[in-house]
Structures are given as structure tokens and as C-alpha cells.
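These are the residues of each chain, in order.
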There are 2 protein chains.
Amino acid sequence: MKEAQERRRPQESGGARPGAAADGRAEVLAAAAQVFMERGYAATAIDDVADMLGSTKGRIYHYYRSKADLFLDVHAQAMQDLLEHVGPIAARSGLTPLERLRAMAKEHARIIMTTFAFQKAAVQGLERRLLSLSNTRQHREMRRIIEMRDTYEDLYAAVVEDGIGQGLFVRLPPRMATKPILGAVNWLNVWFEPGRAATPQQVEDIAVLLSDFVLRGMLPEGPARRR
Amino acid sequence: MKEAQERRRPQESGGARPGAAADGRAEVLAAAAQVFMERGYAATAIDDVADMLGSTKGRIYHYYRSKADLFLDVHAQAMQDLLEHVGPIAARSGLTPLERLRAMAKEHARIIMTTFAFQKAAVQGLERRLLSLSNTRQHREMRRIIEMRDTYEDLYAAVVEDGIGQGLFVRLPPRMATKPILGAVNWLNVWFEPGRAATPQQVEDIAVLLSDFVLRGMLPEGPARRR
DNA sequence: GTCTATAATTTGATAGAC
DNA sequence: GTCTATCAAATTATAGAC
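Calculation notes
- Residues numbered from 1 in each chain as written.
- Chains lettered and ligands numbered in written order.
- Predicted model: local features only at pLDDT ≥ 70, side-chain atom pairs only at ≥ 80, totals over all residues.
- Heavy atoms only, no water.
- Helix = DSSP H or I, 4+ residues; strand = E, 2+ residues; numbered from the N terminus.
- Polar contact = N/O pair within 3.5 Å; in protein donor to acceptor, adjacent residues only side chain to side chain.
- Near = heavy atom within 4 Å.
- Nonpolar A, V, L, I, M, F, W, Y, C, P; charged D, E, K, R; others polar.
- Axes fitted to C-alpha atoms, helices over the stretch in contact; angles between N-to-C directions.
- Parallel < 35°, antiparallel > 145°, perpendicular 65-115°, else oblique.
- Left-handed = near helix turned anticlockwise from the far one by under 90°.
- Contact = heavy atoms within 4.5 Å.
- Buried area = accessible area lost by both parts, 1.4 Å probe.
- Least-squares fit on C-alpha atoms with pLDDT ≥ 70 in both.
- Phe/Tyr/Trp six-rings, centres within 6.5 Å; stacked < 30°, edge-to-face > 60°.
- Lys NZ or Arg CZ within 6 Å of the ring centre and 35° of its normal.
- Buried < 20%, exposed > 50% of the residue type's maximum accessible area, 1.4 Å probe, protein only.
- Arc of directions from axis to C-beta.
- Salt bridge = Lys/Arg side-chain N within 4 Å of Asp/Glu carboxyl O.

Before going further, it helps to spend a moment on the environment of Arg144 of chain B. Tracing the backbone shows Arg144 of chain B in helix H7 (residues 136-165). A polar contact is formed between the side chain of Arg144 of chain B and the side chain of Glu141 of chain B, at a distance of 2.9 Å.

Turning next to the protein's contact with DNA strand C. The full set close to DNA strand C counts 13 residues, and Thr56 of chain A together with Ile46, Lys57, Tyr61 and Lys67 of chain B are the nearest of them. Take Thr56 of chain A: an N or O atom from its side chain is 2.9 Å from a phosphate oxygen of DNA strand C. Within the side chain of Tyr61 of chain B, a nitrogen or oxygen atom sits 3.1 Å from a phosphate oxygen of DNA strand C. Those elements that place two or more of their residues in the surface near DNA strand C are helix H3 (57-63) of chain A together with helix H3 (57-63) of chain B. Per-element accounting of the surface near DNA strand C gives the leading share, 4 residues, to H3 of chain A. Taken together, the residues of the surface near DNA strand C sort by class into 4 nonpolar, 6 polar and 3 charged.

This brings us to the packing of helix H8 (residues 174-186) of chain A against helix H10 (residues 200-218) of chain B. Packing of H8 of chain A against H10 of chain B leaves a shortest axis separation of 10 Å and a crossing angle of 50°. The orientation of H8 of chain A relative to H10 of chain B falls into the category oblique. For the crossing formed where H8 of chain A meets H10 of chain B, the hand is right-handed. On H10 of chain B, the residues touching Met176, Pro180 and Ile181 of chain A of H8 of chain A are Ile206, Leu209, Leu210 and Phe213 of chain B. Counted by class, the contact of H8 of chain A with H10 of chain B contains 7 nonpolar, no polar and no charged residues.

Take the interface of chain A and chain B next. In this complex, chain A contributes 46 residues to the contact, which on the side of chain B involves 47 residues. For the pairing of chain A and chain B, the buried interface totals around 4,100 Å² over both sides, and the portion due to carbon and sulfur atoms is 67%. For the interface between chain A and chain B, the tally reads 2 residue pairs in polar contact (both at pLDDT 80 or more). Within the side of chain A that touches chain B, the residues separate by chemical class into 24 nonpolar, 8 polar and 14 charged.

Placing chain A over chain B gives an RMSD of 0.0 Å and needs a rotation angle of 180°, together with 0.0 Å of translation along the axis. Both copies are brought into coincidence by an operation consistent with a two-fold rotation axis. A share of 100% of interface residues in chain A that are also interface residues in chain B marks the association as one of identical surfaces.

Applying the stated criterion across every chain yields a total of 13 aromatic pairs over all chains. Relative to Phe192 of chain B, the ring of Phe116 of chain B lies with its centre 5.5 Å away and its plane at 70°, an arrangement referred to as edge-to-face. Of this pair, Phe116 of chain B sits in helix H6 (residues 116-124) while Phe192 of chain B sits in the loop between helix H9 (188-191) and H10, and the two are 76 residues apart along the sequence. One aromatic cluster is present, built from ring pairs that chain together Phe36, Tyr41 and Phe71 of chain A. Across from the ring centre of Tyr41 of chain A, 4.6 Å away, lies the NZ or CZ of Lys67 of chain A, which sits over that ring.

All names here are of chain B. Taken together, the buried positions of helix H2 (residues 46-53) are occupied by Ile46, Val49, Ala50 and Leu53. Considered in projection along H2, the buried side chains sweep an arc of 100° and stay on one side of the axis. The inward-facing, buried residues of H2 contact helix H1 (24-39), H3 and helix H4 (67-91). In the stretch just after H2, Gly54 is the one whose phi turns positive, near 70°.

Here we take up the pattern of salt bridges. For the structure on display, the rule yields 28 salt bridges over all chains. Where Asp69 of chain A meets Arg137 of chain A, a salt bridge forms, and the shortest distance between an N and an O atom there is 2.8 Å. With Asp69 of chain A in helix H4 (residues 67-91) and Arg137 of chain A in helix H7 (residues 136-165), this pair connects stretches of sequence that are 68 residues apart. For Asp69 of chain A, a relative accessible area of 11% translates into the label buried. A salt bridge links Arg144 of chain B to Glu141 of chain B; the nearest nitrogen and oxygen atoms lie 2.9 Å apart. Of this pair, Arg144 of chain B and Glu141 of chain B both sit in helix H7, 3 residues apart, which is roughly one turn of that helix. On the accessibility criterion, Glu141 of chain B (19% relative accessible area) is buried. Three or more residues joined by partner-sharing salt bridges are found here, namely Lys106, Glu107, Arg110 and Glu204 of chain A.

It is worth stressing that arrangement in space is one thing and function is another; only the former is reported here.
Printed below as a string of C-alpha cells:
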């Protein structure tokens, strides 16, 4: 049974995206991200999102036609955040593949921690569950999101390939190498708790630890290391 | 009716755990793992599990009193599989921390790929969603599962600490170091598709790639490497 | 733009036949 | 041990008032 819960404010810790405008639609979106993060897509009732907003369903259905549309928008926003911030680093000139990979992973980690609700909701919903959308418009939007995700992975595959070509990285199939790289960082979505340990300094430390880890994961072992 | 205590091995394609016996309860459990994996906990209807079994609800409710109990058992089984297989490696004598960490991660990866339904269902349900179990018996079972998970992480923290003590690994807080290690491997639950790429050789290759990656992630960079 | 009220559907769980 | 039938609750989405 669903307990009566007091209404909370939107844009609580973890739910707010910095720079998110305060128009109605964005407020609804942020609240949805928060609740999807906490309960997952299927377990979230539209009424839960309304409660989070301190309003009723009417407000949500004014901006979104369905729960699936709402979720798709959260997911799209999450992917766009990644592409917007990591894309420029991937394209920046004057960096070695080492510096580039490290900077990309570090920024990725930072985005997860600072827009946690969106990222975590998106990762949870990455699933086949939504592939069964019969609605054409929704299905197109989902294809677009999957494309964004593939584009994002391409950024990593490219820097890996570059690093291998320059003899800096271990020789792995670039597409395969992106799996542990993204896995090590994306696992933040499972263990990170924005409530505690969310001072800027702690976020920075975690981002550095993770990005250094994945960089070392791509570096050949030093000759002086014993086995 | 109360629940039986013992559980045995299920035996389906994606949910296959090797060494299968075929009692009714285990069949139900394996089918549940399969469906939970595909749709997630909340989106799974008991009728879906019944369909997977080619039967009706009655069969499921004969063995389990609720959907939550069914899920808890899938989760417990997944954790037990990890502890049973990786625990002995963590305790084996005559291995350096390097060899030990690599063997542990490799076995972990292998278990994910060979008991995929159980592992993936468990990772998806790691969530806060189940923490709101009011039922006392279920709540106790959940505490037990969380304890298993903590115990499992301890295995990695211990070998990391050991390796740091011997000057083999980079100096990181052991608990923090386990995050990217487990993340790189557990990310398999997101991208691996047991349908394709599931020949024993491919499973082996992936396990080696991932375990080598996490090992390198813990090794200090060689002195001859340019930055 | 947001609310109340409600229709339509799904679903967890139980009872009792066989 | 499994099935059929059914209920009670929850939930998505809509209609129309304000």
C-alpha cells in the first residue's frame, strides 16, 4: 500500500540541474527525475510526482501527455547534459589521448554527481522495458535517445583508438574498452549518495579517483612491475 | 503455508545456472529471475512469471507467498553464487594480491555472464524500493542480503589493502577502490547480451579483458610512461 | 494553468475445485 | 500441486469546473 506522504519541494538535493529554468515544464521534469531516481520508472505513480511538486496530476498532464513521455524527456535531458559537457573536451585540441580520456571521464563523473537524479533515472531506464513502446512518436524519441548514447560512446572509442594508435594505451578493441571505462564511472549511479559526501571538494576527489583509475586501466603496465 | 528453506538450481537459457536440478520451487525461481531481468521488479506481473512457466499464478503462490518474497530469493541466490565462487579465491593461499584480485574479478565476471538473469535482476533491485518493506520477515531477509553484499565487498577491500601494504597497488582508501573495480565488472549487467556473444571462448575473453583492466587500474603507472 | 472526479484497466493475492 | 474465478486496491489518463 502507498503511504500518505507529505509533500516535498522540487529541486531538492540531487534533483536540481544547475541552470535549469524555473518554468513550469522544467519544474515538472526535475520533480519527475527525482521520483524516478528514487523509485524507478515502473514503481513511480504520476501522483508521486504530483506530491513531490505539491500539486495534483492535472499540472503534470498539462505539460506531458503520458508517463512514458515524461520519462523519455528525463532520459533525453540526461544524455544531452553528458554530450554538451564531455563533447567539447573530446574535441579540444592540444591534449594527448591520456589527458583527453582523463578529462572526459572526470567530467562525466562530475555530471553524474551534480545532476544525479537525471543520470540515475536514465541509467535505470536504459532497459528493454521502454523498447516496447507502440506509440510511434515515443518510439522515435527513444531511437533518438539511443542514438545520443551511441554518439556518446563513440567519443570514448575515438580517444581510445587514438591512444592505441600512438602506442600509449593497451591494445584493446576500442568499443570493448569503453565498457569498463564507462562502467567504472557509471557505477556511481549505484553507490553515490548525494545526501552525504556532496561537498564540492568530495565530488572533486571522487571524480579524480575514478578518472585516474580508468586512465591507468588503459595504460600498459610498467616494465619494472613484478607479477 | 510457510516457505521451504532449501533452494536448488534453476536451468534456463539466460537464467541458467550450471548444474541444474529441476524441483518445482527452483523452476519458479529461475523463471522469476528471467522475467525480473527483462522487465525489472515493479514492471513484472506475477502473471508474467506464470506465462514464462507455461502455467498460472497458482503454481507460484504455492511456493512463494508474495512477489517481494520471490524477488528477495532471486537476490539472495545471486549474492550466494558470488560468495560461493569468489570467496574461496579470496581465501586461497599462495597468491600475490595481484593474482588474487585478478582471479576474483575474473570469476565475478564469469558468474555474471553465466547466471545473467539472477545477477541482472539483483543489480536492478539493489534499490531503495525494497527498503520500504514493512513486513518483518521480509525486512530481516533483506538485511541478510545487504549483509552478504557488504561481506562480498569486504573481500575486495581486503585484497586491495593487502596489495597497498605490499607496495603493489596505488594508495587509495580500500573501500573507495572497490567502487571502480566492481563497477567496471558489474557494468556487464547493463551491456552484456547473453543471446549473442555467449560462446565459452567469448565469455572467457571478456572476463580476461575486464579483470586485466581492473588490475591495471590498481597498479601504479610505470616510470617510463610519458604524461 | 491547475483542480476535482471518475472512467477504464491492471495486478497482487485469496478461495476453493480437482 | 495446479487451476479457475474473483476481489480489492492501485494507477493511468480524461473530462470538465474554476
